[in-house]
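# Structure at a glance
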Amino acid sequence: MFHFFNVFSVLSIAFFLIGYYLTNSPKVTSWSFLLLFCSSICILGGGYLAQIFSRFSKILVRLAFLFWGVQVSWFHYSNPSFVLLILLIVFYFIFKIDELIQNPQFQKSQIKSVVREKLKIFDLILTNPARILAVSFFALCIFGAFILYLPISSSTGTSIAFIDAVFTSFSSVCVTGLTVMDTPNDFSFTGQMFVLLLIQLGGLGIMSFSVAVLVTLGKRLSLKYEKSIAGSLGSQDSGKLFGYIQTIFFVTFGIEAIGAILLFIFFLLDGYPFFSALWHGIFISVSAYCNAGFSLFSDNLILFKQNSGIIFTVSLLIIAGGLSPFLVIKIPRIFSKRALSIEAKLIFIVTSFLLLSGSIFFLLFEWNTSLHGLSLFDKIANSWFQSVTTRTAGFNSLEMGKIRSETFVLFLILMFIGGSPGGMAGGIKTTTFAVLMLGIRGTLNLKWQASVFQRRISHRSFYKASAIVFIAIFFHILFFLLLLLTQNIPAREVIFEVVSALGTVGLSVGATSKLDGVGKLIIVVCMYIGRIGSLTMFWFLMDQKSGMEENYIEMEIDVG
């Protein structure tokens, strides 16, 4: 059974609030709260997750109370040895190494049987699509943090702070684009290549590459694992898994190559040297298609706000990445008489509506502010670009700190909705938004069902859409409060940062540069949850038996 906020999590929050107002050391309080919050999350999970973290959570609670009353000037969260220590503690308690060491009567065969029994926990991960997705992304993020921490990744030849390496890695893998480092100046060419690799792996998904490598080497997945991996990649037919991945790779690399060539030409025409134009074209093409928002220019793309070639190329790459590869290859059907599925029609309609309405409202709101001084054509081009990129990509051609309050709210709405399922985008997704709106329309018309194109949408789809929206709102409120409690940043900047991180957008109005270590870790968690999906995060914590249907007598409850 899935346990929501139990006694321990409530006590954790209560202890923090007491300490927050009584202690004179905000840094100690912040780290103490972070440890208490982590312990709460560990205890939240029911079923198998609780088995893994039951002892680990107790250690976190003890550490939290230790940090509460002890000055921690010796504690450097930028030191990767602390992360390794935590990993060793987890390993220690999962495999109960203490029992093996303290009991001299253990034989080798007994040790093997104990370890084999403990390794079954990984089988529980590999047979659950949500857990495969969550664990694979987390493992890639940690790997990326260590390679970005290497001295060769830094432009100065000295390792960057480990917390910054973690932040950059999660932002790259989760294709968000929030940065605490200046990518073109703080990272070497090798470091930039690492960032690009993490963006590509994060955009396509590490499981896609894993399956492609295994099949290339002539390996065969078991049917059980094949079905789980297919589920984690969004494919309903496990028998067509490799064909599904082939299509993803073909469309992705094809569009990225075309985008890189076009951007290379535009950078050449803008006066950049050959190799510089080539590298910038490749990097921004991959970053744009993967909806990552990373740029090799310190001011993102503000320098090119009057270069329509770059503006429209990047925006088209973002749109293609925000759709799934299977929808991209169906775009020609829009202009022909070939039939489209109901879901595809819905996605194209909602996407077009959001892009056009976002452009129009941005143009109206910012005509005499951030768009001031531009020609009519450039105003329209930049309004279109910001409408495209705000939904998930994180590029900006205009100064974000100067936007009006009306535009600020518009951006929050667009970031919350995000892109489409199966693509690189974040947010609650266009189909979720559409199903919820159709359900509301059906309720207002007293039909008590959602329908579109003379088809009735299943109650299961509506329930899932409602759950996604509610859980997303819950996470937004939770992390908004966490940042308000631990950071000295205006609420306006905080809410924008949280929505941007959970939507894997990457835009910021100034909060990113003001985050301390705890704030960076909170945003890291936001980016991670935003990438794998809030509902997937809950499924990760749930016992598989929770999905069993039960037949109860139906009843009416007066609501509203």
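All residue numbers here refer to positions counted from 1 along the written sequence of the relevant chain. This being a predicted model, a pLDDT of at least 70 is required before a residue's local features are given, and a value of 80 or more before pairs of side-chain atoms are given or counted; all residues contribute to the totals for chains, interfaces and linings. Remark: hydrogens and water are excluded; side-chain values derive from all non-hydrogen atoms of the structure.

## Quick notes on helix 11 (residues 189-204)
Every helix listed is a DSSP run of H or I at least four residues long, and every strand listed is a run of E at least two residues long, numbered separately from the N terminus. For a helix, the expected span equals 1.5 Å multiplied by the number of residues minus one. Over its 16 residues, helix 11 runs 23 Å from end to end, which matches the ideal 22 Å to within 8%, given 1.5 Å per residue. Only protein chains enter the accessibility calculation, which uses a 1.4 Å probe; a residue whose area is less than 20% of its type maximum is buried, one above 50% is exposed, and one in between is partly exposed. Counting buried residues in helix 11 gives 12 out of 16 residues, a clear majority hidden from the surface. Here helix 11 has its buried residues at Gly-191, Gln-192, Phe-194, Val-195, Leu-196, Leu-198, Ile-199, Gln-200, Leu-201, Gly-202, Gly-203 and Leu-204.

## A few points about the confidence of the model for the protein
Mean pLDDT for the protein: 75, with 65% of residues reaching 70 or above. Looking at any residue, its pLDDT shows the predictor's confidence there, from 0 to 100. Of all secondary-structure elements in the protein, the lowest mean pLDDT belongs to helix 3 (residues 47-69), at 46, while helix 15 (residues 274-289) reaches the highest, 93. Contact criterion: two residues are considered in contact whenever any of their non-hydrogen atoms come within 4.5 Å of each other. In this model residues 20-28 is a low-confidence stretch, pLDDT under 50, and it forms 11 contacts with partners more than four residues away in sequence or in other chains. Predicted confidence for residues 43-58 stays below pLDDT 50, and this span has 33 contacts to residues more than four positions away or in other chains.

## Digging into the packing of aromatic side chains
Pairing of aromatic rings covers Phe, Tyr and Trp, the last counted by its six-membered ring, and requires centre-to-centre distances within 6.5 Å; plane angles under 30 degrees mean stacked, over 60 mean edge-to-face, and any other angle means tilted. Counted by the stated rule, this structure contains 22 aromatic pairs. Where Phe-264 meets Phe-274, the ring centres are 5.1 Å apart and the plane angle is 85°; that geometry is what we call edge-to-face. Of this pair, Phe-264 sits in helix 14 (residues 241-269) while Phe-274 sits in helix 15, and the two are 10 residues apart along the sequence. A relative accessible area of 15% places Phe-264 in the buried class. Using a relative accessible area of 48% as the deciding quantity, one classes Phe-274 as partly exposed. With a centroid separation of 6.0 Å and 15° between ring planes, the pair formed by Phe-475 and Phe-479 is classed as stacked. Remark: Phe-479 and Phe-475 occur in helix 22 (residues 459-486); sequence separation between them is 4 residues, near one turn of the helix. Of the two residues, Phe-475 and Phe-479, neither departs from the other in class, the shared state being buried. Taken together, the aromatic side chains of Phe-267, Tyr-272, Phe-297 and Phe-304 make up a single cluster linked through ring pairs. For a Lys NZ or an Arg CZ to count as sitting over a ring, it must be within 6 Å of the ring centre and within 35 degrees of the ring normal. Above the plane of the ring of Phe-453 lies Lys-345, whose end atom (NZ or CZ) is 5.3 Å from the centre. Here Arg-492 stacks its cationic end above the ring of Phe-408, 4.2 Å away from the centre of that ring.

## A word on the nonpolar core
Core analysis: the largest hydrophobic core is formed by 56 residues, its most contacted members being Leu-148, Phe-170, Ile-199, Phe-479, Ile-523 and Met-527. Residue contributions to this core peak at 9 residues, all from helix 24 (residues 517-532). In this structure Phe-479 touches Val-498, Leu-502, Ile-522, Val-525, Cys-526 and Ile-529, once residues within four positions along its chain are discounted. Core analysis: the next-biggest nonpolar cluster, separate from the first, contains 37 residues, Ile-284, Ala-288, Leu-317 and Val-328 among them. In these notes, a set of buried Ala, Val, Leu, Ile, Met, Phe, Trp, Tyr and Cys residues joined through side-chain atoms within 4.5 Å is what counts as a nonpolar core.

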